[in-house]
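Chains, contacts and geometry: an overview
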Amino acid sequence: MSETEDFKPKILIITNLKCSDPGADYVGQSHLEYTPNAFIMRTKDPSVFPEEFYFYCFEQGFDGVIIMSGGTDTPFKGAYEALAKMIDNVYVSMQERGIEIARLRLTAICSVCAEAFIKEMGRIVEAVEPLGPIKV
Amino acid sequence: MSEKKKVDEKNEEKVAVFICHCGGNISDVVDCEGVAEWAKKLPNVVHSEDYAFMCSDPGQKLIEEALDKGATRAIVAACSPRLHELTFQNVFRRKERNPYYFEHVNIREQVSWSHPHTKDEATEKSKRLVASGVAKVSLQGFLEAPTVEATKKTLVVGGGLGGLRAAKDLADKNVPVILVEKSPFLGGRVTQLDTLYPKDDDAKELIHELIEEVLSNELIAVHTNSEVTSFAGSIGNYDLTIKHTPRGVTSKIGEKAAKAIDICPEVVENEYDYGLTKRKAIYQKYPGSYPSYPAIDWVNCTKCGKCAEVAEGITLENDPTEQSINVGGIVLATGFKPYEPYEGEYGFGQHPNVITLPQLIRHLADNPSEELIWNGKKVERAALIHCVGSRHREDIDKPLEDGSLNYYCSRYCCTATLHMANELKDKFPDMHVFELFKEDIRSYGWGYEDYYTTASEKNVRFFSFLGEELPQVEITEKKHPLSITVTDRLTFNETMIIPTDLIVLAVGMMPEEIPDIIDMMKVPQGAERFLLSVHPKLRPVEADVDGIYLAGTVQAPMTSTEAAIGASGAAAKAAILMSKDIIELQPYVAEINESLCKGHMTCLPACSYAGAIYEAEVDGKTVARVNPALCKGCGTCVPSCPEGAIQVKGWTLDQYKAQVKALAQDPSEV
C-alpha cells in the first residue's frame, strides 16, 4: 500500500470571529458537508500569528493549514495586508525547510460564504492528499 | 475584595465541562455522553457531564452547581458562541465569578450539522474541540474589562419611518438624538404610499404626525441633506463626521417657492412618483412635505440663477460643511429601495402600460378620477403579477447586475397587491382585475387574509403559476394592447390567455445601497445584502458591532407596521445602552510585558490605530505601552515583536499553541 492510499489529511482551519467563523456556522446552518478531519480554531484575527506558529502546527501533525481570513472585509485596519505579507514570508520559509507550500492556504471567507467555504475545503484537501502525511 | 473574587485571582485551573445535546440537534450525531465521559480524562477537568439543553435554566443551574463545588472555569460544547456565549458568561457573573473563565465550543453548526453522516468522526472531532477548549480556558489569565464613560447620545441614520420612530422613542426616554437624512426631505418611502393596510390609514397623515413629533422634540436634532463620512471609536464613544450639504433654499422663500420652481429650466425625472412625472432642479418632494420649502438638486442644477431672481432665500452655494460628533450608540435606519424590473421583464420598458405597483399607487393617489386612464386610454382590464424581483429561481430568473438573485420573499407585496386589487374594484367597479401569483399567496398577518376573501367576493380573478413557468407577455395590436399567457395551476394547468390594458408588477424590496456605511462601520450583510442582526430571535435588532442597532427595512423586507415595531425595538436596545453611565469594553486588547520589551518599537508601525501603541519611558528605559481604549485587539502587532513581548489578552500565542496541540492529539491517546 502506498503512503498516500487511504490518507485523509488532517487540516487545521483558522477562522476569524467576524467573518469566516460565522461563515463556518453558515455552512452548518445550510447543512453543507465537508471532511470531518478538519478542525476549526477561531481567532480574533489570524494576523496575530508569527511565522513560527505555522511550523508549530505542522510539527503537531497537521497535514494542511487553511487560513480563512475576512480578506479586506476584516474589521481591523491593515490586518489583512499584514497577514498576506506574513504568509508570503511563511511560503519562502516553507520552501527553505522542504515543506510543500500547498499545505498552507490563505483564503477570504465572509459570514455567508458557505459555498466558498466548501469549495476552499475541497481545494486544500485535493492539494494535500497527493502530498501524503506531513514530515517535519 | 470578596472571597469569590479571590478564587478567580488564585487562577486555579479547575475546569468543568458540559456537553449539550441541543435536543437532538447535536446528540443525534455526536455521542454526547461518550464525549462527556472522555473529557473527564483531560488535564484540569474536575467535572464533566452532558445535558439536554445547556441554555435552559436547569442547564445553567448545572454550571452554577459546578462552580459551587469548586470548579473555577468552565466550557460548554454546544451551539455557536454567537448564540449563547453571553448566556453562559452571565452564569459566571451571577455567581460573582469572572466571566472570562468561560470558553464556548461549537459542536452544533461546526460539527453535528456539518457532519451528519459520519457520526464516529463527528464524535471524535467533538472530543478534540472540547480538549482544545479545555486547553484554552486552562491558560486563561485574569481578565478585567476596561470601562469607559458612555456618551448619552444616539445617532439615527435615516429619516424615514424607521429612523423617525427610533428617534422619537429614544427622545421619549430622555436620550438626546442626532438624526441625519441623506435626502433633503423627511418621511422616506412611506410618503410615497397612499393608504396603509390593515386599517387604510392615510400614509402621509401618519408619517406627518410622527415628523411633527420629532421636529418639536427638543432632544432631537434633525439634519437633512446630511450623511456620515467618517467613523471611529467603540461602543459608548463613537466619533463620527457628518457632512452637511446646503439645501440652497431657506424658509425665507415663502410663497414665492412656486415661482422659483416654475422658472427653473432644468427638467428631470421625478423620483417621488418613480419617474411617472418630471420635476425641476429646485423642487419640493410633494406639497406639504417636510421641510415645507424646496431644496436644490445639486446634481442637476446648473446654477443659472433664475430661481434666485424671482425669490428670496435662495443661495446657490453647495460647498458642504463638516461636523464632528460623539455618540454612544447608532441606529441604522437606511431603509429599502423597490426592485427595478429589467427591460423586457413582463414587457416592462417595452410598453408604457407595463408599470410597477409603486407607480400605480402614486398615480392613483395623485389623480383621483372615476376612470383610470393610462397612456390616454381607459383601463378596462388590469392584471397584477406577484413576486417580481422576489423569490427568484436559479437558471430561470435573470440575475441582477451584480450577478445575484433575490431568493427571498419580500413579505409585503402579496397583501399590498390584494389591497390594490380591492382599491381598483372599489374605485372602478366595472374594471376586470386579475391577479397572477407565483405558487401561493402569502397574505400573512392579522386580518390580512380578509383582503384575499374580499377580493374574491369582488370578482378579482386569481391565477397561479409555477416559478419555472412564468407568465408570458405579448404586445398586441388588439383592443387590449397586452396579452398574458399563463399555465394556471388553479384550473389544473389550463393555458389561459388574458387580454389586458395594464400590467402591474408587484416589485419586491431590495436593501438601500449604503456601501460607505457598511465599509466604515463593518456591519455584516446577509446573503441577501440586507444588514445582518446577531441572531434573528435572541438579538434581532443588534448588528454584530457593539452599540449599533438595526431599525426597519435595513435588515429585511417588512411592512410599515413591522418596520415601526423593529425601530421601536432598536430604540429600546439603544436606550438600555444609554442608561448606563459606564460601559464595559472587551478585555481582549494587546498587553505588553515590559520586562521583555526592549524598546525596539517595531510594534508601533505594525499597528493601524493611531495612539493604540505609544512609546513611554520607565526608569530610564524605553518601552511600548498600549492604550486599551484605542486598541482593537486584532493582534497584528504581536508578530512584529522580536522579543515576543506583546500578546492579546485572552487570545495569547500560548493559548493558541495549546489549542493546536489538543486538536492534533488522537483522543484515544488522552
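All chains use their own residue numbering, which begins from 1 and follows the written sequence. The lettering of chains begins at A and the numbering of ligands begins at 1, in the order of writing. Given that the model is predicted, a residue must reach a pLDDT of at least 70 before its local features are reported, and side-chain atom pairs must reach 80 or more before they are shown or counted; all residues, however, enter totals for whole chains, interfaces and linings.

A word on the overall build of chain A
- Segments assigned H or I by DSSP are reported as helices when at least four residues long, segments assigned E as strands when at least two residues long, and all are numbered from the N terminus. Of the regular secondary structure elements, chain A holds four helices and four strands.
- From first element to last, N terminus to C terminus, chain A shows the α and β order β-α-β-α-β-α-β-α.
- Radius of gyration: over C-alpha atoms. The globule rule applied is 2.2 Å multiplied by the number of residues raised to the 0.38 power. Expected size for 136 residues packed as a compact globule is a radius of gyration near 14 Å; at 14 Å, chain A falls within 12% of this value.
- Contact between two residues is assigned whenever their backbone-derived C-beta positions fall within 7 Å. A fraction of 84% describes how many contacts in chain A between residues 6 or more apart in sequence connect residues 24 or more apart.

Looking at the overall build of chain B
- Within chain B, the secondary structure is distributed over 17 helices and 38 strands.
- Taken along its principal axes, the extent of the C-alpha atoms in chain B is 85 × 65 × 40 Å.
- Evaluated residue by residue, chain B yields a buried proportion of 48% over its 670 residues.
- Residue pairs at least 24 apart in sequence account for 72% of intrachain contacts in chain B once pairs closer than 6 positions are excluded. Three exposure classes are used, based on other C-beta atoms lying within 10 Å of a residue's own C-beta, which is placed from the backbone: buried for 20 or more, exposed for 12 or fewer, and partly exposed in between.

Details of the interface of chain A and chain B
- In this complex, chain A contributes 38 residues to the contact, which on the side of chain B involves 42 residues.
- At the level of elements, helix 1 (20-29), strand 2 (38-43), helix 2 (51-59) and helix 3 (79-96) of chain A are the ones that each hand at least two residues to the side of chain A that touches chain B.
- For the side of chain A that touches chain B, the element with the most residues is helix 1 of chain A, which contributes six residues.
- Residues are grouped as follows: Ala, Val, Leu, Ile, Met, Phe, Trp, Tyr, Cys and Pro are nonpolar; Asp, Glu, Lys and Arg are charged; every other residue, Gly included, is polar. Each residue belonging to the side of chain A that touches chain B can be placed in one class, and the counts come to 22 nonpolar, ten polar and six charged.

A few points about unusual backbone geometry
Residue and element names in this part refer to chain B.
- The step from Y197 to P198 runs through a cis peptide bond, and the omega angle for that step is 10 degrees.
- On the secondary structure map, P198 appears in the loop between strand 8 (195-196) and strand 9 (201-202).
- A cis amide bond links Y290 with the next residue in sequence, P291, at an omega value of -10 degrees.
- Examined against the element boundaries, P291 turns out to sit in the loop between strand 15 (282-283) and strand 16 (295-296).

Some remarks on the environment of F462(B)
Residue and element names in this part refer to chain B.
- The topology assignment puts F462 in strand 25 (residues 461-465).
- Owing to 17 C-beta atoms within 10 Å, F462 belongs among the partly exposed residues under this scheme.
- Between the C-alpha atom of F462 and that of H386, which follows or precedes it by 76 residues, the distance is 11 Å.
- In this structure, F462 is in contact with E435, F437 and L490, ignoring residues within four places of it in sequence.

Notes on the nonpolar core
- Structurally, a nonpolar core is described as a collection of buried Ala, Val, Leu, Ile, Met, Phe, Trp, Tyr and Cys residues joined by way of C-beta atoms within 7 Å. Membership of the largest hydrophobic core comes to 119 residues, with the highest contact counts inside it found for L12(A), V17(B) and F18(B).
- No other element matches helix 3 of chain A, which puts eight residues into this core.
- In contact with L12(A), not counting residues within four places along its chain, are F39(A), M41(A), C57(A), F62(A), V65(A), V660(B) and L663(B).

Regarding the sheet that holds strand 3 (residues 73-78) of chain B
Residue and element names in this part refer to chain B.
- Strand pairing is defined by DSSP finding a minimum of two bridges between the two strands. Read from one edge of the open sheet, four strands run 2-1-3-4, paired in parallel fashion. Bordering the open sheet on either side are strand 2 (45-51) and strand 4 (102-106), each of which pairs with just one other strand. Averaged over all adjacent pairs, the angle separating strand axes in this sheet is 15 degrees, with direction ignored.
- Across five bridges, strand 1 (residues 15-20) lies against strand 3 in parallel orientation. Across the sheet, residue F18 finds its bridge partner in strand 3, namely V76.
- Simply put, an axis is a line fit to the C-alpha atoms, just over the touching stretch for a helix, and the angle between two N-to-C directions goes from 0 to 180 degrees. Helix 4 (residues 81-94) rests against strand 3 and strand 4 of the sheet, and its axis sits at about 155 degrees to strand 4.
- Sheet strands touched by helix 6 (residues 119-138): strand 1, strand 2, strand 3 and strand 4. Its angle to strand 3, the strand with the most contacts, is close to 155 degrees.

Remarks on the packing of helix 12 (residues 413-427) of chain B against helix 13 (residues 449-457) of chain B
All names here are of chain B.
- Running from N to C, helix 12 and helix 13 cross one another at 35 degrees; their axes reach a closest spacing of 9 Å. Here the hand of the crossing between helix 12 and helix 13 comes out left-handed. Contacts between helix 12 and helix 13 involve T415, L418, H419, A421 and N422 from the former and Y451, Y452, T454 and A455 from the latter.
- Split by residue class, the contact of helix 12 with helix 13 holds five nonpolar, four polar and no charged. By convention the crossing between two helices is left-handed if the near helix lies anticlockwise of the far one by an angle smaller than a right angle, and right-handed if it lies clockwise.

Quick word on the packing of helix 1 of chain A against helix 4 (residues 114-128) of chain A
All names here are of chain A.
- As a packed pair, helix 1 and helix 4 sit with axes 8 Å apart at the nearest point and diverge in direction by 95 degrees. Compared by their axis directions, helix 1 and helix 4 come out roughly perpendicular. Seen from helix 1, the contacting residues are G23, A24, Y26 and V27; seen from helix 4, they are A114, F117 and I118.
- Class assignment of the residues belonging to the contact of helix 1 with helix 4 gives a composition of six nonpolar, one polar and no charged. These descriptions rest on fixed angle ranges, namely under 35 degrees for roughly parallel, over 145 for roughly antiparallel, 65 to 115 for roughly perpendicular, and the rest for oblique.

Points about the environment of K427(B)
All names here are of chain B.
- Looking at where K427 falls in the secondary structure, it is placed in helix 12.
- Using a count of 14 C-beta atoms within 10 Å as the deciding quantity, one classes K427 as partly exposed.
- With 63 residues separating them in the primary sequence, K427 and L364 have C-alpha atoms 9.7 Å apart.

Thoughts on the sheet that holds strand 26 (residues 472-475) of chain B
All names here are of chain B.
- Pairing is antiparallel across the open sheet formed by three strands, whose spatial order is 26-27-28. Each having just a single partner strand, strand 26 and strand 28 (494-500) make up the two edges of the open sheet. When strand polarity is set aside, the average angle formed by the axes of neighbouring strands in this sheet is 20 degrees.
- Here strand 27 (residues 482-488) pairs with strand 28 via seven bridges, running antiparallel. Among the inter-strand pairings, L482 is bridged to a residue of strand 28, identified as T500.

Regarding the domain arrangement of chain B
- Note that domain bounds follow an automatic or database assignment of domains. In terms of domains, chain B is made up of domain 1 (3-143), domain 2 (154-245 + 320-335 + 512-582), domain 3 (251-310), domain 4 (337-510) and domain 5 (590-649).
- Centre-to-centre, using C-alpha coordinates, domain 3 of chain B lies 56 Å away from domain 5 of chain B.

Points about the pairing of strand 26 of chain B
Residue and element names in this part refer to chain B.
- For strand 26 and strand 27, the ladder comprises four bridges, and the chain directions are antiparallel. The residue of strand 27 that forms the bridge with E474 is S483.
- Two successive antiparallel strands, strand 26 and strand 27, enclose a turn made up of six residues.

A look at helix 3 (residues 57-68) of chain B
All names here are of chain B.
- Across its twelve residues, helix 3 extends 16 Å between first and last C-alpha, which sits within 8% of the 16 Å expected from 1.5 Å per residue.
- What helix 3 keeps buried is the set G59, Q60, L62, I63, A66 and L67. Across the axial projection of helix 3, the buried residues extend over an arc of 145 degrees, all falling on one side. Facing away from the buried side of helix 3 by more than 90 degrees, the exposed set consists of D57, P58, K61, E65 and D68.
- Among the structural elements, strand 1, strand 2, strand 3 and helix 4 are those in contact with the buried residues of helix 3.
- Directly after helix 3, the chain includes G70, whose backbone phi takes a positive value near 120 degrees. Between the first and last residue of a helix there are one fewer steps than residues, each counted as 1.5 Å, and that sum is the expected span. By arc we mean the arc of the directions from the helix axis to the C-beta atoms, nothing more.

Structural notes on helix 4 of chain A
All names here are of chain A.
- The terminal C-alpha atoms of helix 4, which comprises 15 residues, lie 21 Å apart, in line with the 21 Å expected from a rise of 1.5 Å per residue.
- Of the residues making up helix 4, those classed as buried are A114, F117, E120, M121, I124 and V128. One face of helix 4 carries all of its buried residues, which in axial projection span an arc of 125 degrees. The outward face of helix 4, more than 90 degrees from its buried face, is lined by the exposed residues G122 and E126.

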